[in-house]
Amino acid sequence: MVKCHAVKLGFAGSLKIASAAHHFELTLSDVGFDRGAAEITADVTSNGTPQNDVPLADVTVTREMTGVTTTLTKEAATVLGSASYEGAAKAPLTVAAGAGVVVAVRRRRTAWNG
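Residues numbered from 1 in each chain as written. Predicted model: local features only at pLDDT ≥ 70, side-chain atom pairs only at ≥ 80, totals over all residues. Heavy atoms only, no water.

With the rule as written, the count across this model stands at one salt bridge. When the shortest N-O distance is used, the salt bridge between Lys 16 and Glu 25 registers 3.7 Å. (Salt bridge = Lys/Arg side-chain N within 4 Å of Asp/Glu carboxyl O.)

See below:
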């Protein structure tokens, strides 16, 4: 049996997405990764309504933590406004340690719609 260490990461800052044409404003903050739960979560404020610890992506955890695949959750689809986003695969992540800080790095940039 391979023993894995539990890792929980948090990221400072926030991301605001707004569209006057589509009448929405979305802010993601307190983004976190929990290796044990195999998920990425964030606090989400949508049109002024806050929700804490929304599971946005399921993560396929690997021992090396490189090329980790992510899939959007039903909750992410709801937050993003389209059921078609549920189950969508997103850019692989690499989790690496450097200078005493653990960071998650997106391998390539992709649009939400694939």
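Now, onward.
Further remarks concern the pairing of strand S2 (residues 24-34). As defined by bridge partners, strand S1 (residues 8-19) adjoins S2 across ten bridges and the pair is classed as antiparallel. Residue Lys 8 lies in a different strand from S2, and its bridge partner there is Asp 34. Joining the antiparallel neighbours S1 and S2 is a turn of four residues, in which His 23 adopts a positive phi near 55°. By the bridge criterion, seven bridges tie S2 to strand S3 (residues 39-46) in an arrangement that is antiparallel. The residue bridging Phe 33 from the neighbouring strand is Ile 40, located in S3. Linkage of S2 to S3, two consecutive antiparallel strands, is achieved through a turn of four residues, within which Ala 38 is found at a positive phi near 55°. (Pairing = 2+ DSSP bridges. Helix = DSSP H or I, 4+ residues; strand = E, 2+ residues; numbered from the N terminus.)

The next thing to look at is the layout of surface pockets. Space inside the second largest pocket adds up to approximately 210 Å³. Lining of the second largest pocket is provided by eleven residues; of these, Phe 24, Leu 26, Val 79, Leu 80 and Gly 81 occupy positions nearest its centre. Contributing elements (two or more residues each) for the lining of the second largest pocket: S2 and helix H1 (74-80). When residues in the lining of the second largest pocket are grouped by element, the largest group, three residues, is from S2. Looking at the lining of the second largest pocket, its residues break down into seven nonpolar, three polar and one charged. (1 Å grid on protein atoms, 1.4 Å probe; cavity = no way out; pocket = protein on both sides within 12 Å on 5 of 7 lines; lining within 4 Å. Points joined across faces, edges and corners; volume = space filled by probe spheres on them. Nonpolar A, V, L, I, M, F, W, Y, C, P; charged D, E, K, R; others polar.)

Residues shown with low pLDDT carry predicted positions that ought not to be read at fine detail. Here the protein chain averages 78 in pLDDT, while 77% of its residues score no lower than 70. The least confident element of the protein chain, judged by mean pLDDT, is strand S7 (residues 101-106) at 46; the most confident is strand S4 (residues 49-60) at 93. Below pLDDT 50 for its whole length, residues 99-114 participates in 34 contacts with residues either more than four positions away or in separate chains. (pLDDT = per-residue confidence, 0-100. Contact = heavy atoms within 4.5 Å.)

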